[in-house]
Amino acid sequence: MESSRRKFIKQTAMGTMGTLIVPQLSFGKNIFNANETINVAVIGVRSRAKSLTQAIHKYEYAKIIYTCDVDDDVIDEHNIFLQKNIGYVPKVEKDFRKILDDKDVDAVFIATPEHWHAPMAIMALQAGKHVYVEKPCSHNPHENELLVAAQRKYKKIVQMGNQQRSAQSSALAVKEIKEGVIGNVYKGEAYYSANRGSIGTGKLVDVPKTLNWDLWQGPAPREAFRDNVHPYNWHWFKSWGTGEIHNNGTHEIDICRWALGVDLPNKVTSFGGKYTFDDDWQFPDNQEVTYQYDDKLITWTGHSRGKIQPSQPGRGASIYGSKGVITLSRNNYKLFGLDGELIKTVDEKVKSETTNTVGGGGLDVTHIANFFNAIRLGEKLNAPIEDASISTMMCHLGNIAQDVGETINIDPKTGKIEGNKRAMKNWKRDYEKGWEPKL
């Protein structure tokens, strides 16, 4: 039964990949022997790793040989989860650098806080590893450029975890959009809605004995430990996180880009602010960003704290054309006429979670299968870092436009901000001495 299940997953994943219409990279002939096992390490195992490890386990030719986290409590909890859900517990390391030194490791999955994504991915590439990095792939535009350059230099496979690029229904919608099913497309609306609570005002406390706080901070300038950062609320602090536009907007903005067939915009404008709680949250909790192209536009609406009303799905993307509208989610696509009448619905065969912090489901399986098939079989990636980084860059530009409080003009070839030195000061962060990523 287990063999049949894995065979079905493999065939389904490869069949799905064949339908995808995306910018792709080809890595030529087989990199691995077709029957060779890919040894994997998963770094950062609190939440997303739950879904990643289960998806990796479903791939016949992959084996998790390490898991890694800087918090002993997180490790202990995850080991219990692994024993129950995949039937074994891999070796454990708290320092990812020891994993990168192990020549038996072929690929790493990075599900750490966001300030670690690009620096760790670059270090992994330098160590000769393939990389699956969760979105966003960088903490700032400089790292975004550096990671793309690192992939080109070290010529390893890098896929970002924007898993809807592996959705069969979304691929079909993009194909039909290109064929003119809704006429001339001109607008993509991306949105996310949640009711996040207050994170309070952090108090300085002793670092938990289970946590390596220095390694947790890594490339970020050192700060004292306070009680409202770890393990999740780092998302809302600029030293480590990138706000809701990256945390969730990356997915929907990426789908709008894909559907409209566009890359970087000409202009970016952001409105919003923190309107709900008087707490330590450092990003807008409600934000509207507009990306302007020559003849198209994309909008992002983020409601971190305060549900979009009236009732509608918690996240999604809508694509507008001269003859109709298509709505896209991880679980289906719907085609509507200009009169608002539903013409058809195409569902994913296996459902995915959309609004919790784990985000598991069928798309993780197919997206990870595509990553592994690229390593083993030379299959084309669905979200190669060269393309995925463009969606990440758009989110960075949305945050920068918000910070400076004005429309910023963009060179669509490079993403650089034109004629605005104040905005360009946000291009790169300050790094802790000795931790700045370099090629």
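This structure is a prediction, so every number in the text was calculated from the model and none was measured.

**As for the overall build of the chain**
Argument step 1. Along its length, the chain carries 13 helices and 16 strands.
Argument step 2. Here the chain holds 439 residues, and 59% of them are scored as buried.
Argument step 3. Carbon and sulfur atoms make up 50% of the accessible area of the chain, which amounts to about 17800 Å² in all.

**Some words on the packing of aromatic side chains**
Argument step 1. Per the stated rule, a full pass over the model turns up 16 aromatic pairs.
Argument step 2. Between the aromatic rings of W216 and W240, the centroid separation amounts to 5.4 Å while the plane-to-plane angle is 75°, which identifies the pairing as edge-to-face. Taken together, the positions of W216 in helix α8 (residues 213-217) and W240 in the loop between α8 and α9 (244-247) put the pair 24 residues apart, joining distant regions of the chain. Taken as a pair, W216 and W240 share a single burial class, namely buried.
Argument step 3. For the ring pair W236 and W281, a centre distance of 4.1 Å and an interplane angle of 5° mean the geometry is stacked. With W236 in the loop between α8 and α9 and W281 in the loop between β8 (267-273) and β9 (286-292), this residue pair connects regions lying 45 residues apart in the sequence. For the pair formed by W236 and W281, the shared burial category is buried.
Argument step 4. Here the aromatic cluster, defined as three or more aromatic residues joined through ring pairs, consists of Y59, Y61, F109, Y132, F371 and F372.
Argument step 5. Geometry around F283 places K238 over its ring, the cationic atom sitting 5.7 Å from the centre.
Argument step 6. The ring of W281 has R305 sitting right over it, with the charged end atom 4.0 Å from the ring centre.

**Side note on the environment of G87**
Argument step 1. Residue position: G87 is located in the loop between α3 (72-85) and β3 (91-93).
Argument step 2. Along the backbone, G87 and H57 are 30 residues apart, and their C-alpha atoms lie at a distance of 9.6 Å.

**With respect to the packing of helix α5 (residues 117-126) against helix α6 (residues 141-154)**
Argument step 1. Viewed as axis vectors pointing N to C, α5 and α6 meet at an angle of 15°, and their least axial separation amounts to 10 Å. Comparing their axes, α6 and α5 come out roughly parallel. Of the two possible hands of crossing, α5 and α6 adopt the one that is left-handed. Residues A118, P119, A121, I122, L125 and Q126 of α5 form the contact with α6, whose own contacting residues are E143, L146, L147, A150, Q151 and Y154.
Argument step 2. The residue inventory of the contact of α5 with α6, partitioned by class, reads nine nonpolar, two polar and one charged.

**Some words on the confidence of the model for the chain**
Argument step 1. Per-residue confidence for the chain averages 91 on the pLDDT scale, and 90% of its residues sit at or above 70.
Argument step 2. Overall, residues 1-30 carries pLDDT values under 50, and its contacts beyond four positions in sequence, including any with other chains, amount to 60 contacts.

**So, the sheet that holds β9**
Argument step 1. The sheet built from ten strands is open, its strands ordered β14-β13-β12-β11-β7-β10-β9-β8-β15-β16 with mixed pairing. Looking at which strands have only one partner, the edges of the open sheet turn out to be β14 (342-347) and β16 (417-418).
Argument step 2. Relative to strand β12 (residues 324-328), strand β11 (residues 315-321) is paired through four bridges, and the arrangement is antiparallel. Directly across from Y320, in β12, lies its bridge partner V325.
Argument step 3. In the packing of helix α10 (residues 249-260) onto the sheet, contacts are made with β7 (185-193), β9, β10 (297-303), β11 and β12, and the angle to β7 comes to roughly 165°.

**A short note on the sheet that holds strand β2 (residues 62-68)**
Argument step 1. As summarised here, the arrangement of the six strands in space is β3-β2-β1-β4-β5-β6, forming an open sheet in which the pairing is parallel. Looking at which strands have only one partner, the edges of the open sheet turn out to be β3 and β6 (158-160). When strand polarity is set aside, the average angle formed by the axes of neighbouring strands in this sheet is 20°.
Argument step 2. Direction of pairing for strand β1 (residues 38-43) relative to β2: parallel, over a ladder of six bridges. Bridge pairing in β2 places A41 opposite Y66.

**Details of the pairing of strand β4 (residues 107-110)**
Argument step 1. The alternating pattern of β4 places A107 and F109 and V108 and I110 on opposite faces, both of which are buried.
Argument step 2. Across four bridges, the pairing between β1 and β4 is parallel. Along β4, the bridge assignment pairs V42 with F109.
Argument step 3. Note: β4 against strand β5 (residues 130-133), four bridges, orientation parallel. Across the sheet, residue V108 finds its bridge partner in β5, namely V131.
Argument step 4. Between the parallel pair β4 and β5, the chain is carried across by α5, and the sense of this crossover is right-handed.

**Here's the deal with unusual backbone geometry**
Argument step 1. Look at the link from K135 to P136: it is a cis peptide, with omega at -10°.
Argument step 2. Here P136 shows up in the loop between β5 and α6.
Argument step 3. In this structure, the amide linkage connecting H230 to the following residue, P231, adopts the cis form with an omega of 15°.
Argument step 4. Looking at where P231 falls in the secondary structure, it is placed in the loop between α8 and α9.

About the criteria used
- Residues numbered from 1 in each chain as written.
- Predicted model: local features only at pLDDT ≥ 70, side-chain atom pairs only at ≥ 80, totals over all residues.
- Heavy atoms only, no water.
- Helix = DSSP H or I, 4+ residues; strand = E, 2+ residues; numbered from the N terminus.
- Buried < 20%, exposed > 50% of the residue type's maximum accessible area, 1.4 Å probe, protein only.
- Areas by Shrake-Rupley, 256 points an atom, 1.4 Å probe, with all protein chains shown as cover.
- Phe/Tyr/Trp six-rings, centres within 6.5 Å; stacked < 30°, edge-to-face > 60°.
- Lys NZ or Arg CZ within 6 Å of the ring centre and 35° of its normal.
- Axes fitted to C-alpha atoms, helices over the stretch in contact; angles between N-to-C directions.
- Parallel < 35°, antiparallel > 145°, perpendicular 65-115°, else oblique.
- Left-handed = near helix turned anticlockwise from the far one by under 90°.
- Contact = heavy atoms within 4.5 Å.
- Nonpolar A, V, L, I, M, F, W, Y, C, P; charged D, E, K, R; others polar.
- pLDDT = per-residue confidence, 0-100.
- Pairing = 2+ DSSP bridges.
- Right-handed = clockwise from strand over helix to strand, strands pointing away.

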